[in-house]
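Listed here are the chains, written in short residue letters.
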Amino acid sequence: MLNGLSGLASTAGALLAVVALPLVPVLAPYALSVAAASFLYVSMADLIPGLHRNQPESAVRQVVLVGLGILTVVVLGH
């Protein structure tokens, strides 16, 4: 029974997506903003405290990796 309900939820979601398709260009910036904010929250709340628990010599490695990540975003953005 639960499997059938999940199947109906998938169908309802697909129908809702088809009906809401014209709204996607209007809502996309807001959805992307929420997604970006969620990602930043997760990185600040979960990842950064874990980085501070490591050895001090790994700080340089972490800075280099973060810099490479930023460089990747900049390069792919152009």
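Residues numbered from 1 in each chain as written. Predicted model: local features only at pLDDT ≥ 70, side-chain atom pairs only at ≥ 80, totals over all residues. Heavy atoms only, no water.

**Thoughts on the overall build of the protein**
Check the secondary structure of the protein and you find three helices and zero strands. Along its sequence from the N terminus, the protein presents helices and strands in the succession α-α-α. Here the C-alpha atoms of the protein give a radius of gyration of 20 Å, more than 25% beyond the 12 Å that 2.2 N^0.38 yields for 78 residues. Seen along its three principal axes, the alpha-carbon backbone of the protein occupies a region of about 55 × 40 × 15 Å. Residues counted as buried form 4% of the 78 residues belonging to the protein. (Helix = DSSP H or I, 4+ residues; strand = E, 2+ residues; numbered from the N terminus. Rg over C-alpha atoms; globule rule 2.2 N^0.38 Å. Buried < 20%, exposed > 50% of the residue type's maximum accessible area, 1.4 Å probe, protein only.)

**Let's talk about a nonpolar patch on the surface**
Together, Val60, Val64, Leu65, Leu68, Leu71 and Val75 make up a nonpolar patch on the protein surface, roughly 560 Å² of accessible area in all. Along the chain, Leu71 turns up in helix H3 (residues 58–77). (Patch = residues over 30% accessible without salt bridge, like charges linked within 9 Å, V, L, I, M, F, W, Y side chains within 5 Å. Areas by Shrake-Rupley, 256 points an atom, 1.4 Å probe, with all protein chains shown as cover. Salt bridge = Lys/Arg side-chain N within 4 Å of Asp/Glu carboxyl O.)

**Overview of the environment of Ser38**
As for its placement among the helices and strands, Ser38 is situated in helix H2 (residues 24–52). According to the relative accessible area criterion, Ser38 is partly exposed, its value standing at 39%. When the C-alpha positions of Ser38 and Gly77 are compared, they lie 20 Å apart, and in sequence the two are 39 residues distant.

**Let's talk about the confidence of the model for the protein**
Caution applies to low-pLDDT regions: their predicted coordinates should not be interpreted in detail. Averaged over every residue, the pLDDT of the protein is 84; the share at 70 or more is 92%. Taken element by element, the protein is modelled with least confidence in H2, mean pLDDT 83, and with most confidence in helix H1 (residues 2–20), mean pLDDT 89. (pLDDT = per-residue confidence, 0-100.)

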